[in-house]
Amino acid sequence: QVQLVESGGGLVQPGGSLRLSCAASGFTLDYYAIGWFRQAPGKEREGVSCISSSDGSTYYADSVKGRFTISRDNAKNTVYLQMNSLKPEDTAVYYCAADPYCSDYPAEYDYWGQGTQVTVSS
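Residues numbered from 1 in each chain as written. Predicted model: local features only at pLDDT ≥ 70, side-chain atom pairs only at ≥ 80, totals over all residues. Heavy atoms only, no water.

Engineer: I'd like to hear about the sheet that holds strand S8 (residues 78–83), residue by residue, with values.
Structural biologist: The strands making up a sheet associate through hydrogen bonds between their backbones, and the pairing can be parallel or antiparallel. The antiparallel open sheet is built from 4 strands, whose spatial order is S1-S3-S8-S7. For this open sheet the edge positions go to strand S1 (3–7) and strand S7 (68–73), each flanked by a neighbour on one side alone. The mean inter-strand angle of the sheet, taken between neighbouring strand axes irrespective of direction, is 15 degrees. With 6 bridges joining them, S7 and S8 adopt antiparallel strand pairing. Looking at S8, one finds that phenylalanine 68 is bridged to methionine 83. (Pairing = 2+ DSSP bridges. Helix = DSSP H or I, 4+ residues; strand = E, 2+ residues; numbered from the N terminus. Axes fitted to C-alpha atoms, helices over the stretch in contact; angles between N-to-C directions.)

This is the structure in structure tokens:
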């Protein structure tokens, strides 16, 4: 059974850090790009970052550049999103998704995790 499971969310103060994990089972991440998306209440799901399967190229939304870092550990079949200097506007449910190629469009992704809540508040 193909499955993606996110973990690592939680409550953090502004300026703090979290590391999200996206663990895959039932398939090998080596052949998939992994995207991180987020959705805040009342807003559309938006792309945050993506890492390609081929050469490990990374992509970031302008709103998170310089603060978030995506990485993958194929041996552990896991992708990570290190989030530093968190802001209240980063508050959302974060999802990881798998597709052969990176894309900004959620509809193009084949597999999705259930999401993990990130809340940035003092």
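Read on, since the account is not over.
Engineer: Account for the state of the cysteines, naming residues and giving values.
Structural biologist: With the rule as written, the count across this model stands at 2 disulfides. The disulfide partner of cysteine 22 is cysteine 96, and the gap between their sulfur atoms is 2.1 Å. Judged by the sign of its S-S torsion, about 75 degrees, the bond between cysteine 22 and cysteine 96 is right-handed. On the criterion of sequence distance, the pair formed by cysteine 22 in strand S3 (residues 18–25) and cysteine 96 in strand S9 (residues 92–99) is long-range, its members being 74 residues apart. Classification of cysteine 22 by relative accessible area gives buried; the value is 0%. The class for cysteine 96 is buried, based on a relative accessible area of 0%. A disulfide bridge connects cysteine 50 with cysteine 102, and the sulfur atoms are separated by 2.0 Å. For the disulfide bridge between cysteine 50 and cysteine 102, the dihedral angle about the S-S bond is near -90 degrees, and by the sign convention the bridge is left-handed. In this pair, cysteine 50 sits in strand S5 (residues 46–51) while cysteine 102 sits in the loop between S9 and strand S10 (111–112), placing the two residues 52 residues apart along the sequence. By relative accessible area, which is 4% here, cysteine 50 ends up buried. (Disulfide = S-S within 2.5 Å. Buried < 20%, exposed > 50% of the residue type's maximum accessible area, 1.4 Å probe, protein only.)

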